[in-house]
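Fold and geometry: a report
Here is what each chain is made of, one letter per residue.
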Amino acid sequence: MKAHLMYPQADFDLDRQPPLHADDLVQDLALDSLFDAMAGDDKFLRQVASCALLTAFDSTQEVVGHRQAVLRDCLANQALVRDLYQLALDVLGLEKNVYLSFMTKYPSSIMHRSLKLLHLQIDLLRRLRRMADEQAGRFASDGFGKLFGLIREEISDQYFAELNAHFEQLKLRKGFLVSARLGPLNRGIDYCLRRYPKPRGNWLQRLVQKKPESYVYEIAERDETGATALAELQDRGANEVANALAQAAEHITSFFEMLRTELAFYIGCLNLRERLSELRCEIGFPEVGPAGQYQQAFEGLYDICLALNMRRQVVGNDLAGEGRRLFVITGANQGGKSTFLRSIGLAQLMLQCGLFVPARRLRANLCDGLYTHYKREEDASMRRGKLDEELARMSEIVDHLSPRSILLCNESFAATNEREGSEIARQVVRALAEAGVKTFFVTHLHDFAESLYREPPEGSLFLRAERRDDGGRTFRIVEGEPLATAFGTDLYTQVFGEPA
């Protein structure tokens, strides 16, 4: 059986390797805060959340729509989904309750252990079947519809009846009945555990009828060698049955492992929703366009990690950027430019994996890769200067970019003087614009921003951090031409006071 809650026709691969630039994404977008909110103290939930967010760059509109529908069901039936997740945990915890001795290498021990495990699993399968029968009508998504339909089909009443019949036979109340035949050198081969034949006739006929001829060999009570030989014969006869039972138990376990893994993503989403509800932060399900289109419009988009860390609502921003592929963001220091850039990256990752987004409304296209080029601290090994390191990192990023990628740049090439930094940034950004890469560029390089504003590449939009006349910051990003100042004197005044 397959869960198919993450993909319509595929399993979620928890062992999938993240992209090479995953560490940069985690650092630059402060993703640890998001992972912590989704996982709490559960390491497994954190692992699933990390994998889902960082490996979702192959998502399609179908996959995102499938997950959004499942997530809507989860939000509408939170208690039931958490019960289903706990049921999966209970099944996976059964093996710890089954005694694992050093004798498990023997087929007869494996058979008895697997039989006991199956007995425990069947009780939980009945709970799962009752949940599917009673609660399926409360779920509207294809994901849950197919899951509950599969449960009712595969775990039917006939299935339970057959299992009970097998269990009765495998209790072996009359002992082991093993058949074999002679092989080369008169050695026993083809050992097989058999059912006892059903008695013929009524009890009176069985009482008076002549018993079939048989040969009996009795082992003395203290014959340890004979007892060992008999146990070996039992193990040979029980080998195929033990394998079948172990595979049956493993099949059930593997289904619940996959169910737990896929439900873990949605449990993380529910945990995140609870945290945001406590902070009274808005969320919405985004409209998703295919990769390659230039869609970028939102209302009330905020930095979710900032809100989680500050434990309160933060300022959101609006943007109408349909058809734009180059966004140049300038303006006052401490005006919210980096926060705005981070909110774009976080929303893109959440959109890609089918999550809700931190905005009242958002429309954006999918991408095949999200890259960040943020300034770094000085190289402690002194092998590279800051500009050298920036250029090397940009070169590596460019090698992996495609016209369907998104690049976030924060104060790139500011490690040299204004003229040189502007020229480098100008050449890089124009080349990216010509290649069709959607780029968001936060900069204080006025020469660079002003030259682009005078001769803007196709699809450009210039944004600026808003500043009030009294120097106060609104932390909103609005459309506006680049200014020759970043209003650093405002910060000087805050720290040192008005000059004499």
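Residues numbered from 1 in each chain as written. Predicted model: local features only at pLDDT ≥ 70, side-chain atom pairs only at ≥ 80, totals over all residues. Heavy atoms only, no water.

**Digging into the overall build of the chain**
What the chain contains, in helices and strands, is 17 helices and 12 strands. Here the chain, with 500 residues, has 47% of them falling under the buried criterion. Here the contacts in the chain between residues at least 6 apart in sequence split such that 75% fall between residues at least 24 apart. On the chain, roughly 26600 Å² of surface is accessible, and the fraction owed to carbon and sulfur atoms is 49%. (Helix = DSSP H or I, 4+ residues; strand = E, 2+ residues; numbered from the N terminus. Buried < 20%, exposed > 50% of the residue type's maximum accessible area, 1.4 Å probe, protein only. Contact = heavy atoms within 4.5 Å. Areas by Shrake-Rupley, 256 points an atom, 1.4 Å probe, with all protein chains shown as cover.)

**A few points about the side chain of T474**
Within the fold, T474 resides in strand β12 (residues 473-479). Only 2.7 Å separates the side chain of T474 from the side chain of E466, close enough to count as a polar contact. (Polar contact = N/O pair within 3.5 Å; in protein donor to acceptor, adjacent residues only side chain to side chain.)

**Describing the sheet that holds strand β8 (residues 369-374)**
On the basis of which strands lie adjacent, the open sheet formed by 6 strands has the order β8-β9-β10-β6-β11-β12 and mixed pairing. Edge strands, defined here as strands with exactly one partner in the open sheet, are β8 and β12. Pairs of neighbouring strands in the sheet enclose a mean axial angle of 15°, with direction left out of account. Note that strand β6 (residues 326-331) and strand β10 (residues 438-442) share 4 bridges and pair parallel. (Pairing = 2+ DSSP bridges. Axes fitted to C-alpha atoms, helices over the stretch in contact; angles between N-to-C directions.)

**As for helix α2 (residues 31-39)**
The periodicity of an α-helix, 3.6 residues per turn, causes residues three or four positions apart to be oriented the same way. Among the 9 residues of α2, 7 are classified as buried, and the element is accordingly described as predominantly covered. Following α2 by one or two positions, G40 has its phi on the positive side, about 65°.

**As for the nonpolar core**
By size, the foremost hydrophobic cluster in this structure holds 111 residues, and its most contacted members are L31, F144, F256, L259, L272, I304 and L355. The leading source of residues in this core is helix α11 (residues 224-278), at 15 residues. Not counting chain neighbours up to four residues away, the residues in contact with I304 comprise L34, L272, L276, L346, M350 and P358. Ranked by size, the runner-up nonpolar core spans 20 residues in total, among them A425, V437, F441 and F462. (Core = buried A, V, L, I, M, F, W, Y, C linked by side-chain atoms within 4.5 Å.)

**So, empty space enclosed by the protein**
Counted under the stated rule, the structure contains 2 cavities of 30 Å³ or more. Taken as a whole, the largest cavity spans an internal volume of roughly 40 Å³. Forming the walls of the largest cavity are G292, Q293, Y294, N365, P403, R404, S405, I406 and K438. Residue classes in the lining of the largest cavity are distributed as 3 nonpolar, 4 polar and 2 charged. Considering only enclosed or pocket space, the second largest cavity measures out at about 30 Å³ in volume. Contributing to the lining of the second largest cavity are L80, V81, L84, M131, Q135, F139, F144 and F148. At the level of secondary structure, the elements contributing two or more residues to the lining of the second largest cavity comprise α5 (78-92), α7 (107-135) and α8 (142-154). The leading source of residues in the lining of the second largest cavity is α5, at 3 residues. Considering only residue class, the lining of the second largest cavity consists of 7 nonpolar, 1 polar and no charged. (1 Å grid on protein atoms, 1.4 Å probe; cavity = no way out; pocket = protein on both sides within 12 Å on 5 of 7 lines; lining within 4 Å. Points joined across faces, edges and corners; volume = space filled by probe spheres on them. Nonpolar A, V, L, I, M, F, W, Y, C, P; charged D, E, K, R; others polar.)

**Remarks on the packing of aromatic side chains**
Counted according to the given criterion, the structure contains 10 aromatic pairs. Judged by centre distance (5.0 Å) and plane angle (75°), the ring pair of F265 and Y266 falls under edge-to-face. Assessed through its relative accessible area of 1%, F265 is described here as buried. Using a relative accessible area of 0% as the deciding quantity, one classes Y266 as buried. Where Y453 meets F462, the ring centres are 5.1 Å apart and the plane angle is 85°; that geometry is what we call edge-to-face. Through a chain of ring-to-ring contacts, the aromatic side chains of F139, F144 and F148 assemble into a single cluster. If you follow R67 out to its NZ or CZ, it ends over the ring of Y7, 4.7 Å from the centre. In this structure, R72 is placed above the aromatic ring of F285, and the distance from its NZ or CZ to the ring centre is 4.2 Å. (Phe/Tyr/Trp six-rings, centres within 6.5 Å; stacked < 30°, edge-to-face > 60°. Lys NZ or Arg CZ within 6 Å of the ring centre and 35° of its normal.)

**A look at the sheet that holds strand β7 (residues 361-365)**
The 4 strands are arranged β3-β7-β4-β5 in an open sheet whose pairing can be described as mixed. Since the sheet does not close on itself, it has two edges, and those belong to β3 (287-289) and β5 (317-320), each with one partner. Adjacent strand axes in the sheet meet at a mean angle of 20°, parallel and antiparallel pairs treated alike. As judged from the 3 bridges shared by strand β4 (residues 296-301) and β5, these two strands associate in the antiparallel manner.

**Digging into the pairing of β12**
Judged from the 4 bridges that link them, strand β11 (residues 460-467) and β12 form a sheet pairing that is antiparallel. Among the inter-strand pairings, A465 is bridged to a residue of β12, identified as I477. Linking β11 to β12, which pair antiparallel, is a turn of 5 residues; within it G471 sits at a positive phi near 90°.

**A word on the packing of helix α15 (residues 418-435) against helix α16 (residues 446-454)**
Put simply, α15 and α16 touch, their axes get as near as 7 Å, and they point 40° apart. Here α15 is positioned oblique relative to α16, judged by the angle of their axes. In this structure, the crossing between α15 and α16 has a hand that is right-handed. Contacts between α15 and α16 involve E418, S422, A425, R426, V429 and R430 on the former and, on the latter, H446, D447, F448, S451 and L452. Among the residues making up the contact of α15 with α16, the classes are represented as 4 nonpolar, 3 polar and 4 charged. (Parallel < 35°, antiparallel > 145°, perpendicular 65-115°, else oblique. Left-handed = near helix turned anticlockwise from the far one by under 90°.)

**Some remarks on unusual backbone geometry**
The phi torsion at R280 lies on the positive side, around 60°, for a residue other than glycine. Secondary-structure assignment places R280 in the loop between α11 and β3. Its identity as a non-glycine residue notwithstanding, E411 has a phi of 55°, on the positive side. Here E411 lies in the loop between β9 (405-410) and α15.

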